[in-house]
Amino acid sequence: MRPGLRQILLWLLASALFLPIVIVLILTVGRLLGALEDPVGAAAFDRIALGLGVVWVLAIIGMPLVLAVQTLSDEPAADEEHE
């Protein structure tokens, strides 16, 4: 695997695993601010969570694409070359 693709795949995997946790925490803080009657703070945290949700979806979509590029760019194995 090329080092560049490996690094991209590592970032996408970390994003796909950890962003849902961060999104839930941010939404929780937003709900807490809403309960404390701070609508501006609650709206700000909602927007941040929405942006992170978009990044999370892009990471989920990007992982199979990077894996496909990596698979297609691999050289064939030694036993497959003689076919």
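What comes next concerns the included structure.

1. A word on the pattern of salt bridges
Throughout the structure, instances matching the rule amount to one salt bridge. Ionic pairing is found between aspartate 46 and arginine 31, a salt bridge with its closest N-O pair at 2.9 Å. Note that aspartate 46 is positioned in helix H2 (residues 39–73) and arginine 31 in helix H1 (residues 3–35), a separation of 15 residues in sequence. The exposure class of arginine 31 is partly exposed, given its relative accessible area of 47%.

2. A look at H2
In this model, H2 (35 residues) spans 50 Å end to end at C-alpha, consistent with the 51 Å of a helix rising 1.5 Å per residue. Glycine 62 marks the point of greatest bend in H2, at about 25°, and the proline proline 64 comes within the next four residues. Burial in H2 covers these residues: Gly41, Ala42, Ala49, Gly53, Ala59, Gly62, Met63, Val66 and Gln70.

3. Overview of unusual backbone geometry
A positive phi angle is found at glutamate 37, which is not glycine, with a value near 60°. Secondary-structure assignment places glutamate 37 in the loop between H1 and H2.

4. Some thoughts on the environment of leucine 10
If you trace the backbone, leucine 10 turns up in helix H1. For the pair leucine 10 and methionine 63, spaced 53 residues apart in the sequence, the C-alpha separation amounts to 9.2 Å.

Rules behind the numbers
- Residues numbered from 1 in each chain as written.
- Predicted model: local features only at pLDDT ≥ 70, side-chain atom pairs only at ≥ 80, totals over all residues.
- Heavy atoms only, no water.
- Salt bridge = Lys/Arg side-chain N within 4 Å of Asp/Glu carboxyl O.
- Helix = DSSP H or I, 4+ residues; strand = E, 2+ residues; numbered from the N terminus.
- Buried < 20%, exposed > 50% of the residue type's maximum accessible area, 1.4 Å probe, protein only.
- Expected span 1.5 Å × (residues − 1).
- Bend = angle between axes of the 7 residues up to and from the residue.

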